[in-house]
Amino acid sequence: MTILEKILYPLKKEIFLDNYQDTKVLFIKGEQEKFKDFFSFDDLNFFLNTHANSIQFPEIRLSLDGKILDPGLYQETIPVYSNDSFEKTKIDPRKVSDLINKNASLIISGIHEYNLNIQSFAHQLSEELTSDINITLFYNTINQPSFDTHCDPVAVFTVQLEGQKKWEIFGEGYNSPDKENSLLAIEYILEKGDILYIPSGVWHKASPETNNSLSMSIAVRNNNILDLIACILECYIHPELLKNELYYMPMPRDQEALTRLKTQIKNDLVKCIENLDDQQFSQIIATLNREDRVKKGNSTYHVPFDLGN
């Protein structure tokens, strides 16, 4: 059984890929023991005590009432003696614990970079989906969401490891839903072992239902239209512009020359796009989908699109 099949069980992998991937929200009721050896509260305590010197904001963040707290509240600067620095910023586990005791939520981005078990999981899933995978850990106390209503630019599998969390799904599209007038589409209560899949662009909010909620967010980054535009620029337009000796010249300094250059660039870009034929476009798509381009490394996605910002 592959990693994706284990995540989706008892749902068949083919059903997910054909009917839900990138299109629909999916709730999967799981057994409580499904992820029992994956990451525990003991693992979290070990992480905080072991990596206090190596992890910093924004990889580790604390939030309260859905807003990110100033990292100065839980980081400290200590003197060090090296060739390029005389001080270093590190987290203070005691300050982190104090803030958590005051109902702050803990968010650790890229947890797979510090835990071998999760790292192996992320690598296998990345290989299977041919996608960039980033895993974020959330620890929440009761009624304290990590973020306000938001949507993410990536698809996400949420795994409930301990406790319960309520998820409110508001709808799709990057335009902010009207907080006052929009109707709640659906609500889920995730318990230990449950999974919720949320495609990119779906507005949602998560709030713990128990005093100690531990969950994991698996962000799956696939190519989007901006990636396609970047690939067109890199693989087609840039080589075309290199044929014009104009673009080897130094940058002009006077405003009149800059205006002429702007017009020239606009005309050349339009001409390049107009001359892009179907075969060339298909080659660009094939290049974009190459495995070594899709998996761009472990990118982190720190800030969602907060409603009202």
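Rules behind the numbers
Residues numbered from 1 in each chain as written. Predicted model: local features only at pLDDT ≥ 70, side-chain atom pairs only at ≥ 80, totals over all residues. Heavy atoms only, no water. Phe/Tyr/Trp six-rings, centres within 6.5 Å; stacked < 30°, edge-to-face > 60°. Helix = DSSP H or I, 4+ residues; strand = E, 2+ residues; numbered from the N terminus. Buried < 20%, exposed > 50% of the residue type's maximum accessible area, 1.4 Å probe, protein only. Pairing = 2+ DSSP bridges. Contact = heavy atoms within 4.5 Å. Axes fitted to C-alpha atoms, helices over the stretch in contact; angles between N-to-C directions. Polar contact = N/O pair within 3.5 Å; in protein donor to acceptor, adjacent residues only side chain to side chain. Patch = residues over 30% accessible without salt bridge, like charges linked within 9 Å, V, L, I, M, F, W, Y side chains within 5 Å. Areas by Shrake-Rupley, 256 points an atom, 1.4 Å probe, with all protein chains shown as cover. Salt bridge = Lys/Arg side-chain N within 4 Å of Asp/Glu carboxyl O.

Caption draft 1: Structural context of the packing of aromatic side chains. The tally for this structure, following the rule as stated, stands at nine aromatic pairs. Measuring from centroid to centroid gives 5.5 Å for Phe 16 and Phe 157, while their planes differ by 40°, and the two rings are tilted. Taken together, the positions of Phe 16 in helix H2 (residues 13–19) and Phe 157 in strand S9 (residues 155–162) put the pair 141 residues apart, joining distant regions of the chain. Under the relative-accessibility criterion, Phe 16 is labelled buried at 1%. What makes Phe 157 buried here is its relative accessible area of 1%. Between Phe 138 and Phe 147, the ring centres sit 6.4 Å apart and the planes meet at 80°, which makes this aromatic pair edge-to-face. Among the residues examined, Phe 138 registers a relative accessible area of 14% and is labelled buried. What links up through ring pairs into an aromatic cluster is the set Phe 16, Phe 157 and Tyr 197.

Caption draft 2: Fine view of the sheet that holds strand S6 (residues 105–109). Strand order across the open sheet formed by eight strands is S1-S12-S9-S14-S7-S6-S2-S3, with antiparallel pairing between neighbours. Only two strands of the sheet have a single partner each, and these edge strands are strand S1 (26–28) and strand S3 (67–68). By the bridge criterion, seven bridges tie S9 to strand S14 (residues 213–221) in an arrangement that is antiparallel. Opposite Glu 162, over in S14, you have Leu 214 as the bridge partner. Against the sheet, helix H5 (residues 116–129) contacts strand S7 (132–140) and S14, and its axis sits at roughly 140° relative to S7.

Caption draft 3: Looking closely at the side chain of Asp 194. Within the fold, Asp 194 resides in the loop between strand S11 (186–190) and strand S12 (195–198). Overall, the relative accessible area of 0% leaves Asp 194 in the buried class. Reaching out from Asp 194, the side chain makes a polar contact with the side chain of Lys 29 at a distance of 3.2 Å. If near-sequence neighbours (up to four positions away) are discounted, Asp 194 is found in contact with Phe 27, Ile 28, Lys 29, Gly 30, Thr 158, Val 159, Gln 160 and Ile 189.

Caption draft 4: Inspection of a nonpolar patch on the surface at higher detail. On the surface, Ile 225, Leu 226, Ile 229, Leu 233, Ile 265 and Leu 269 cluster together into a nonpolar patch covering about 550 Å² of accessible area. Secondary-structure elements contributing two or more residues to the nonpolar patch are helix H6 (225–241) and helix H7 (255–274). When residues in the nonpolar patch are grouped by element, the largest group, four residues, is from H6. Its location among the elements puts Leu 233 in helix H6.

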